[in-house]
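Per-entry structural report
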Amino acid sequence: MQIKDYTLREGVSLTVLSTDKFKSNLMIVELRCPLKKETATHNSLITNVLSRCCREYPTLRQFNVALEELYAADLDAYVSKIGEVQKVCFKLSCIENKYTYDGADVLAGGMRLLGEMIFNPLLEDGVFPLNVVNSEKKNLKEEIEALKDDKSRFALNRCVKNMCPDEPYSVATAGDVEVLAAITPKELKESYDALIATPPVSIYFVGREDPDKVREYCDKYLPFAPRKTELFRTDVKVADGEVKRITEMSDAVQSRLCMGFRTARSIGDDDYSALLLACDVLGSPSGKLFVNVREKMGLCYYCHPLLDGVKGLLIVSAGIAAEDREKAEKAILKQIEDLKQGNITESELKSAKAAALNAYKEITDSPSSVIGWYSTRRGLGLSLTPEQMAAKIESTTAEDIARAAKDIMPDTFYMLEGGGEQC
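Summarised in this report is the structure supplied together with it. Everything quoted here is computed from the prediction, not taken from an experiment.

Rules used in this analysis
Residues numbered from 1 in each chain as written. Predicted model: local features only at pLDDT ≥ 70, side-chain atom pairs only at ≥ 80, totals over all residues. Heavy atoms only, no water. Helix = DSSP H or I, 4+ residues; strand = E, 2+ residues; numbered from the N terminus. Contact = heavy atoms within 4.5 Å. Pairing = 2+ DSSP bridges. Axes fitted to C-alpha atoms, helices over the stretch in contact; angles between N-to-C directions. Parallel < 35°, antiparallel > 145°, perpendicular 65-115°, else oblique. Left-handed = near helix turned anticlockwise from the far one by under 90°. Nonpolar A, V, L, I, M, F, W, Y, C, P; charged D, E, K, R; others polar. Salt bridge = Lys/Arg side-chain N within 4 Å of Asp/Glu carboxyl O. Buried < 20%, exposed > 50% of the residue type's maximum accessible area, 1.4 Å probe, protein only. Expected span 1.5 Å × (residues − 1). Phe/Tyr/Trp six-rings, centres within 6.5 Å; stacked < 30°, edge-to-face > 60°. Lys NZ or Arg CZ within 6 Å of the ring centre and 35° of its normal.

**Digging into the side chain of Thr385**
You can see Thr385 is positioned in the loop between α13 (367–378) and α14 (386–395). When neighbours within four sequence positions are excluded, Thr385 is seen to be in contact with Trp373 and Tyr374.

**With respect to the sheet that holds strand β1 (residues 2–9)**
What the six strands build is an open sheet, ordered β1-β2-β6-β3-β5-β4; its pairing is mixed. Since the sheet does not close on itself, it has two edges, and those belong to β1 and β4 (74–82), each with one partner. Taken pair by pair, the neighbouring strands of this sheet meet at an average axis angle of 20 degrees, ignoring direction. Relative to strand β5 (residues 85–95), strand β3 (residues 24–34) runs antiparallel, the two being bridged by eleven bridges. Residue pairing across strands places Val29 opposite Phe90, the latter belonging to β5. Here helix α8 (residues 211–221) sits on the sheet in contact with β1, β2 (12–18), β3 and β6 (201–207), set at roughly 25 degrees to β1.

**Quick word on the packing of helix α9 (residues 272–283) against α14**
Closest axis-to-axis distance for the α9/α14 pair is 9 Å, and the angle between their directions is 70 degrees. Viewed along their axes, α9 and α14 adopt a mutual orientation that is roughly perpendicular. Two packed elements cross with a definite hand, and for α9 against α14 that hand is right-handed. Residue-level inspection shows Tyr272, Ser273, Leu276 and Leu277 of α9 in contact with α14, the latter providing Met389, Lys392 and Ile393. Tallied by class, residues from the contact of α9 with α14 come to five nonpolar, one polar and one charged.

**Focus: the sheet that holds strand β7 (residues 244–249)**
With respect to topology, five strands assemble into an open sheet ordered β7-β11-β8-β10-β9, the strand pairing being mixed. The strands lining the two open edges of the sheet, one partner per strand, are β7 and β9 (302–308). Here the strands of the sheet are splayed against their neighbours by 15 degrees on average, with no regard to which way each runs. For β7 and strand β11 (residues 409–417), the ladder comprises six bridges, and the chain directions are parallel. Across the sheet, the residue bridging to Thr247 is Met415, located in β11. The strands touched by α9 are β9 and β10 (313–320); relative to β9, the strand with the most contacts, the crossing angle is about 170 degrees. Contacting β7, β8 (255–262), β9, β10 and β11, helix α11 (residues 325–340) runs over the sheet at an angle of about 30 degrees to β8.

**Focus on the pairing of β11**
Where β8 meets β11, seven bridges bridge the pair, whose relative direction is antiparallel. In the sheet register, Cys258 faces β11, and the bridge partner there is Tyr414.

**Topic: the packing of helix α12 (residues 346–363) against α14**
Packing of α12 against α14 brings their axes to within 10 Å, and their N-to-C directions diverge by 170 degrees. Relative to α14, the element α12 is oriented roughly antiparallel. Between α12 and α14, the residues in contact are Lys353, Ala356, Leu357, Tyr360 and Ile363 and Pro386, Met389, Ala390, Ile393, Glu394 and Ser395, respectively. Of the residues belonging to the contact of α12 with α14, the class tally is eight nonpolar, one polar and two charged.

**Quick word on the pattern of salt bridges**
With the rule as written, the count across this model stands at 28 salt bridges. Put simply, Asp219 and Arg9 hold a salt bridge, and the shortest N to O gap is 3.5 Å. Of this pair, Asp219 sits in helix α8 while Arg9 sits in strand β1, and the two are 210 residues apart along the sequence. Note that Arg245 and Glu329 form a salt bridge whose closest N and O atoms lie 2.4 Å from each other. In this pair, Arg245 is assigned in strand β7 and Glu329 in helix α11, connecting sequence segments 84 residues apart. The class of Arg245 is exposed, set by a relative accessible area of 51%. For Glu329, a relative accessible area of 7% translates into the label buried. Salt bridges linked by common partners bring Glu84, Glu167, Arg262, Lys311 and Asp411 together as one network.

**Details of α11**
Over its 16 residues, α11 extends 23 Å from the first C-alpha to the last, a length consistent with the 22 Å expected when each residue adds 1.5 Å. Taken residue by residue, α11 has Arg325, Ala328, Glu329, Ala331, Ile332, Gln335, Ile336, Asp338, Leu339 and Lys340 as its buried positions. Once α11 ends, the next one or two residues include Gly342, with phi positive near 80 degrees.

**Some points on the packing of aromatic side chains**
Tallied over the full model, the rule gives seven aromatic pairs. Ring centres of Phe128 and Tyr192 lie 5.7 Å apart, and the angle between their planes is 80 degrees; on these two criteria the pair is classed as edge-to-face. Of this pair, Phe128 sits in the loop between α3 (106–119) and α4 (130–145) while Tyr192 sits in helix α7 (residues 185–197), and the two are 64 residues apart along the sequence. Here the two residues Phe128 and Tyr192 agree in accessibility, since each one is buried. With centroids separated by 5.8 Å and ring planes inclined at 55 degrees, the aromatic side chains of Phe261 and Phe413 adopt a geometry described as tilted. Placement of Phe261 in strand β8 and of Phe413 in strand β11 is noted, with a sequence separation of 152 residues between them. The class of Phe261 is buried, set by a relative accessible area of 1%. The buried category is assigned to Phe413, whose relative accessible area is 1%. Above the ring of Tyr169, the side-chain terminus of Lys81 is found at 3.9 Å from the ring centroid. Seen from the ring of Trp373, Arg377 lies directly overhead, with NZ or CZ sitting 3.4 Å from the centre.

Pasting the structure below:
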């Protein structure tokens, strides 16, 4: 894969990742914003509204017809969270021009529509139409509230809320229903204007199109004004020694236990590969949590670790019976203590490395995964490739893993206990 970088304007960059592996092109435009409760909901609603229509195509049907005429190109807008940064993303996916039967320039047409969606929204009297805003507020509210139906995700989010109460990381990416209810079309338009004008813009393209042509189309169809170049940092904290224990009730039968740990490491650290493998020694199909806590001890329906390498958090999530909470916590802590003591078998190490290496190989199998890799790291000022990370994984020893594991410290243990009323 060849990588070519362009500075389109101050604060606006383009990265072209050239490959002939795929038959389609993928472009993602990212606007990076500090994750704040005051703006997260607005940004989320903006993506919903912009996905619905634009000035040239004022109905969803007209918008979709225009995409169908470009060989079923796909446009989307959404928000995502990387550490303490909210990314407002606009995505274009379309087939390569060489596969059209009439010689159409699908990329140019798709990028024109992408530019229309971003820069020329449908307005009435200078603001977003009230009916569109109200409709998308209803949809976003349903999306946010639907989280309660997924008990595992809900428990994970509640654990994070309690673990990082005064940190931007605790802000929900999709937004807050109370903030959402108060948003007016005028206020949303003001937020949109600030969003388009202020945050740094990173544009990523994966495909075999000539990089200079991609740049030419960006200049033509994506006229972002210059803005401040800025990297938003995520604060990686260490545990303060006092473990918070929280229990909330749920009407579900099964209880969900989330044990949150601070790792004191992030993906920019030289020994991050050791922390990553520590997570895989715990959570691979033949790892310590599955073999010991689930299979041998029968203490959980599922048990797996979730590592956020940007924020430096490790959360072990498990489905358990409420009466087994104390036993499950002790058993999970025992597996982590074994890591710290270097009690890692050759089989566990081999399985963990195989799982990690396979994950890195799969990154290049998908355009979105390729962009995800480079977007995350370049947004943090890092330049590591998947191949370089795989080489680090290969050379990591059990001793390295034990050293990294010693800094995994408990912070917040949260349980969504089944059998009660919905919290």
